[in-house]
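# Structural overview
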Amino acid sequence: MHFEHHMLREIKEQPAVLAALAKRGQLLLEKDGGGLFGFDDPEGASFQRILFLSCGSSYHASLAGKWMVETFAGLCCQVEYAHEYRLSPPLPLENCLVVGLSQSGETLDTLEAMRKAKQAGARILSICNVANSTAISLAHTAFLLEAGPEKAVASTKVVSAQLAAVFLLALRLGIAHGRLPQEFVQKHVQNLMDIPNQLSTVLQNDSFSKEVALALHEAKQLLIVGKGLAYAIALEGALKLKETCYLHAEAFAGGEFRHGPMALVEPTVPTLLLMPSLPQESFELMQGTAREIRERAGPLWVLTQKRPETLGEADAQLYFLPQADAFLSTFLFLAPLQTLAYHLAHGRGLNVDSPRGLCKAVVADP
Ligand code: M6R
């Protein structure tokens, strides 16, 4: 009988999960956003700042959310690890929407952080995949991801669902603040609707993850570099590789790489660059990073949508993804990293669905 790991099945479920969320996104075109996030336009317009509280993969989705909220809604947005926020000085949070982002809705740090933010006067929105979870019950309002149960400890389809949810939230806040014309919203919802097909193609033609997993079989480390939204994806990819493959994968923001980490590069240390073609300025800066890595003879893989001019045929192994807008490319870059983690863990004979020492939800303090 053929056995499929939960992690692989959940990775493959992503196009369907995103299609369902994109469909819900059409509610944005209705009055008051069809009630999608539980606030009407006047209340949405009253939020002057946004604070995401989360841990692990949910934190990485929150970082992507910050880019989206700041771009679409023009609001100042902050992202804090929930465990750090718990210990931070208690500052007032009037006119602030706090988003508790959590797959399980039971992560103790995130729950405690949400409680603290509530006390400080924030409006609390829980974005969560589990109905009847504690996060949903303590929040003022909730958005249920409806991605279906996620059994593998390593979160995959829920991270994609979180990214889609924060994308919709950013548009919703932009509408409430009167910044986004109807045609703009329509176009972005349509872009999201196109992603499931593109993602299916990426998952079907996945030479990247199989080849790189083979090359990394004995590896002890991997550097992953991305800028902007691709940095959030680099962090998430590195976490997947740590938790499922026990590989010391470390993510760096493109600009930061030159401020120290570049010294790690040498012929035995491989680097993976995430290079979406948009924004153009980020792509160009990453081309410079690619050149500098090759000058140090570092082995290089590049996941991209466009050939970097600074790299010759022999300089790097290039893998191409379909073109998409700057925000939605995040889904296309994330999936190959998830499948890379899966294939590497499987190839190493590890327990893919239940990595050592980890559990699905961290519900108590150490
Ligand atoms: O259920 P949550 O989203 O609140 O969990 C947060 C983290 O514990 C979780 O994302 C963890 O990092 C996963 N194992 C990542 O795959």
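In this text, all values refer to a predicted model and were calculated from it rather than measured experimentally.

## Overview of the sheet that holds strand 6 (residues 221–226)
Spatially, the 5 strands line up as an open sheet ordered 7-6-8-9-10, and their pairing is parallel. Since the sheet does not close on itself, it has two edges, and those belong to strand 7 (248–253) and strand 10 (317–320), each with one partner. Pairwise comparison of adjacent strand axes, ignoring direction, gives a mean angle of 20° for this sheet. In this sheet, strand 10 lies alongside strand 9 (residues 300–304) in parallel orientation, the contact comprising 4 bridges. Paired with Leu303 across the two strands is Tyr319, which belongs to strand 10. Contacts from helix 10 (residues 207–215) reach strand 8 (271–275), strand 9 and strand 10 within the one sheet, and its direction differs from that of strand 10 by about 150°.

## Here we look at the pattern of salt bridges
For the structure on display, the rule yields 19 salt bridges. A salt bridge links Glu70 to Lys66, with the nearest nitrogen and oxygen atoms 3.1 Å apart. With Glu70 and Lys66 both in helix 4 (residues 56–73) and 4 residues apart, the pair spans about one turn of that helix. Assessed through its relative accessible area of 27%, Lys66 is described here as partly exposed. Glu236 is the partner of Lys240 in a salt bridge, and the nearest nitrogen-oxygen pair spans 2.5 Å. Taken as a pair, Lys240 and Glu236 lie in helix 11 (residues 229–245) at a separation of 4 residues, close to a single helical turn. Taking relative accessible area as the criterion, Glu236 reaches 1% and is therefore assigned buried.

## Considerations on the packing of aromatic side chains
Enumeration over the complete set of coordinates arrives at 8 aromatic pairs. Measuring from ring centre to ring centre gives 5.8 Å for Phe72 and Phe184, while their planes differ by 80°; the resulting arrangement is edge-to-face. With Phe72 in helix 4 and Phe184 in helix 9 (residues 182–204), this residue pair connects regions lying 112 residues apart in the sequence. According to the relative accessible area criterion, Phe72 is buried, its value standing at 2%. Look at Phe184 and you get partly exposed, because its relative accessible area is 30%. Site record: aromatic cluster; members linked through ring pairs are Phe72, Phe167, Phe184 and Phe327. The ring of Tyr85 is capped by Lys116, whose NZ or CZ atom sits 5.0 Å from the centre of that ring. Its end group placed over the ring of Phe283, Lys306 keeps NZ or CZ at 4.7 Å from the ring centre.

## Re the side chain of Glu10
With respect to the helices and strands, Glu10 occurs in helix 1 (residues 6–12). In this structure Glu10 is buried but unpaired, with Arg9 as the nearest side chain of opposite charge at 4.3 Å. Residues within four places of Glu10 in sequence aside, it is in contact with Pro149, Glu150, Lys151, Ala152, Thr156 and Lys157.

## A closer look at the environment of Thr134
Note that Thr134 resides in helix 7 (residues 134–138). Take Thr134: its relative accessible area is 24%, and that puts it in the partly exposed class. Between the C-alpha atoms of Thr134 and Pro181, which are 47 residues apart in sequence, the distance is 36 Å. Residue contacts for Thr134: discarding those within four places in its chain leaves Gly105, Glu106, Leu111 and Arg115.

## A look at unusual backbone geometry
As a rule of thumb, non-glycine residues mostly have phi less than zero, and peptide bonds are mostly trans rather than cis. With omega at -5°, the peptide bond leading from Leu278 into Pro279 counts as cis. Counting through the fold element by element, Pro279 comes out in the loop between strand 8 and helix 12 (280–295). In this model, Ala297 sits at a positive phi of 60°, which is unusual for a non-glycine residue. Relative to the elements of secondary structure, Ala297 occurs in the loop between helix 12 and strand 9.

## A word on the side chain of Lys157
Mapped onto the fold, Lys157 is located in helix 8 (residues 157–176). On the accessibility criterion, Lys157 (2% relative accessible area) is buried. A polar contact of 2.8 Å, which involves the side chain of Lys157, links it to the backbone oxygen of Ala147. Within polar-contact distance, the side chain of Lys157 engages the backbone oxygen of Gly148 at 3.4 Å. Once residues within four sequence positions are removed from consideration, Lys157 is found in contact with Glu10, Glu13, Gln14, Val17, Ala147, Gly148, Pro149 and Glu150.

What counts and what doesn't
Residues numbered from 1 in each chain as written. Predicted model: local features only at pLDDT ≥ 70, side-chain atom pairs only at ≥ 80, totals over all residues. Heavy atoms only, no water. Pairing = 2+ DSSP bridges. Helix = DSSP H or I, 4+ residues; strand = E, 2+ residues; numbered from the N terminus. Axes fitted to C-alpha atoms, helices over the stretch in contact; angles between N-to-C directions. Contact = heavy atoms within 4.5 Å. Salt bridge = Lys/Arg side-chain N within 4 Å of Asp/Glu carboxyl O. Buried < 20%, exposed > 50% of the residue type's maximum accessible area, 1.4 Å probe, protein only. Phe/Tyr/Trp six-rings, centres within 6.5 Å; stacked < 30°, edge-to-face > 60°. Lys NZ or Arg CZ within 6 Å of the ring centre and 35° of its normal. Lys, Arg positive; Asp, Glu negative; His and termini not counted. Polar contact = N/O pair within 3.5 Å; in protein donor to acceptor, adjacent residues only side chain to side chain.

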